[in-house]
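# Observations on the model geometry
This is what each chain is made of:
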Amino acid sequence: MTERLYYQDSYQLEFDAAVTAVEKGDEGFRVWLDRSAFYPTSGGQLYDTGRMGRYVVHEVAEDNGEIIHILNEEPDFAIGEKVSCIIDEKRRRDNMQKHTGQHILSAALVDVCGAATISARLGEEDSTIDIKGDEINDNDIQRVEDLANLVIFKNRPVSISFLLFDELQDLPLRKMPERRDGEFRIITIEDFDWSTCGGTHCSASGGVGIIKISRTEKIRGLLRIHFLTGLLALEDYRWRLDQIEAISNTFTRHGKESLSAVEALIEDRNRLRRKVTELKKEMLPSLMEKWYNEAATWEGRKIVTLDMSGDDFKDVKQTALALISAHELIVLIGCDDKLLVAVSPDIKLSASEIIKKSAKLFNGRGGGSTQIAQGGGFKPEDIKILLADPSAVLK
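Remember, predicted model here, so these are calculated numbers, not experimental data.

Pairing is possible between side chains that carry opposite charge, provided their charged atoms lie close to one another. If you walk through the whole model with that rule in mind, you get 22 salt bridges. In this structure, Arg30 and Glu27 form a salt bridge, with 3.2 Å as the shortest nitrogen-oxygen distance. Owing to a relative accessible area of 24%, Arg30 belongs among the partly exposed residues under this scheme. Overall, Glu27 belongs to the partly exposed group, its relative accessible area being 34%. For Arg215, the salt bridge is made with Glu217, and the minimal N-O distance between the two is 3.6 Å.

This is the structure we're talking about:
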């Protein structure tokens, strides 16, 4: 069984170890060592990466108590050979901040809302905690976030201890593990949280830097809380600030007024759209006559092709229905990445068949009835080609 150096010191980034086995696997070449500071994927935490001699360690896994280091290329190690290993510092630091941050956030959720963590996932960037939280509101989430960051600012020591099951009974553990033989690894955030955990952690809560809850969502009866820590939270703040600054500069408003400026723009746009819709309705009868008179013919049938990109698709559909009600026509209308086909009842063609042929020809999708059908997922430039010459889908 591999000796896990990170159990005692999460800050150890370099170590020497003896090679105990090498084999080829589906994901690369697997190397076993007698001791390792590389963390394998487990407990919701991502694996470490780094180097083993001159070889890249691109993934670390666990199997039956052994840590398996996965390399991109076949190493020339001999069994028993000593190798020098280096762990990627940024990835390790990010994972430590995420995991200690998750413990702090989970404890804060219990303190503020009485909500126990059901599961946690520490992703490459975005991390999540799932809780039962039907009655938790935005104000509760803010209070949780405030408490979590207060614990960080107080820089409370984070310690590691190893205890037998009977010794755990005197600790206020957030979750009591099931009884088993051997020692349990306990992560303690002084006067705040006690948890069994095998992950890598900061030596003090201040090492997390900051915790920012980015959003919440309801999933399968649970509340999922998305959060960021440390430098990942800083990077997230940077791009959000850049976006707000760009918007505020565009509107020549203070950043705090950006939302109201955007809301006013949206309202203006909606007002103009409503006005345009009203004008189109007034103009539609004369436009329909114009389109009918200018329509091309295919096998003696008039066919109207229109590009209505940018219009509301509901208006597009109403226009097509109005055309086939007023005249005996085949109508094809493009609207951005969508295509609508309408066929007058007296014409022996199927709108759904035309859509299916168009979808096959241009890698779109769609369907409908004999008289009207619609499709999507087209490239706008392909729709323009089809409107210019629809003969291929009318045969």
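In contact at an axis separation of 9 Å, helix 1 (residues 89-113) and helix 2 (residues 138-153) are set at 130 degrees when each is read in the N-to-C sense. It follows that helix 1 is oblique to helix 2 by the angle criterion. As for how helix 1 packs across helix 2, the hand of that crossing is right-handed. Residues Ile104, Leu105, Ala108, Leu109, Asp111, Val112 and Cys113 of helix 1 touch helix 2, and the partners they reach there are Asp140, Arg143, Val144, Leu147, Ala148, Val151 and Ile152. Residue classes in the contact of helix 1 with helix 2 are distributed as eleven nonpolar, no polar and three charged.

Each full turn of the α-helix corresponds to 3.6 residues, which orients residues three or four apart in the same direction. Between its first and last C-alpha, helix 4 (residues 258-294) extends only 47 Å over 37 residues, short of the 54 Å set by a 1.5 Å rise per residue. At Leu284, helix 4 shows its largest bend, some 55 degrees, and a proline, Pro285, comes one to four positions later. When we look at burial in helix 4, the residues that qualify are Ser258, Ala261, Leu284, Met288 and Trp291. Against helix 3 (230-251), strand 17 (301-307) and helix 5 (313-326) lie the buried residues of helix 4.

Quick look at the sheet that holds strand 19 (residues 338-343) now. Ordered in space as 16-17-18-19-21-20, the six strands form an open sheet in which the pairing is mixed. The sheet is open, and its two edges are formed by strand 16 (296-298) and strand 20 (365-368), each paired on a single side. The mean angle between the axes of side-by-side strands here comes to 20 degrees, regardless of whether they run parallel or antiparallel. Bridging between strand 18 (residues 330-335) and strand 19 involves six bridges; their strand directions are antiparallel. What sits directly across from Gly334, in strand 19, is Leu339. Running over the sheet, helix 7 (residues 380-388) touches strand 17, strand 18 and strand 19 and is turned about 160 degrees from strand 18.

With that settled, the discussion passes to helix 1. Relative to the 36 Å expected for 25 residues at 1.5 Å per residue, helix 1 spans 35 Å between its end C-alpha atoms, a close match to the ideal helical length. Most of helix 1 is tucked away: 18 of the 25 residues are buried. Residue Gly114 follows helix 1 closely and has a positive phi angle near 70 degrees.

For Asn64, which is not a glycine, the phi torsion comes out positive at approximately 50 degrees. Tracing the backbone through its elements, the reader meets Asn64 in the loop between strand 6 (55-63) and strand 7 (66-71). Given the relative accessible area of 70%, Asn64 is considered exposed. The phi angle at Asp336 is positive, at roughly 60 degrees, despite the residue not being glycine. Positionally, Asp336 belongs in the loop between strand 18 and strand 19.

On average, residues of the protein score 92 in pLDDT, and 100% of them reach the 70 mark or higher. Within the protein, helix 4 has the poorest average pLDDT of any element, 85, and strand 8 (residues 82-87) the best, 98.

Thresholds, definitions, all that
- Residues numbered from 1 in each chain as written.
- Predicted model: local features only at pLDDT ≥ 70, side-chain atom pairs only at ≥ 80, totals over all residues.
- Heavy atoms only, no water.
- Salt bridge = Lys/Arg side-chain N within 4 Å of Asp/Glu carboxyl O.
- Buried < 20%, exposed > 50% of the residue type's maximum accessible area, 1.4 Å probe, protein only.
- Axes fitted to C-alpha atoms, helices over the stretch in contact; angles between N-to-C directions.
- Helix = DSSP H or I, 4+ residues; strand = E, 2+ residues; numbered from the N terminus.
- Parallel < 35°, antiparallel > 145°, perpendicular 65-115°, else oblique.
- Left-handed = near helix turned anticlockwise from the far one by under 90°.
- Contact = heavy atoms within 4.5 Å.
- Nonpolar A, V, L, I, M, F, W, Y, C, P; charged D, E, K, R; others polar.
- Expected span 1.5 Å × (residues − 1).
- Bend = angle between axes of the 7 residues up to and from the residue.
- Pairing = 2+ DSSP bridges.
- pLDDT = per-residue confidence, 0-100.

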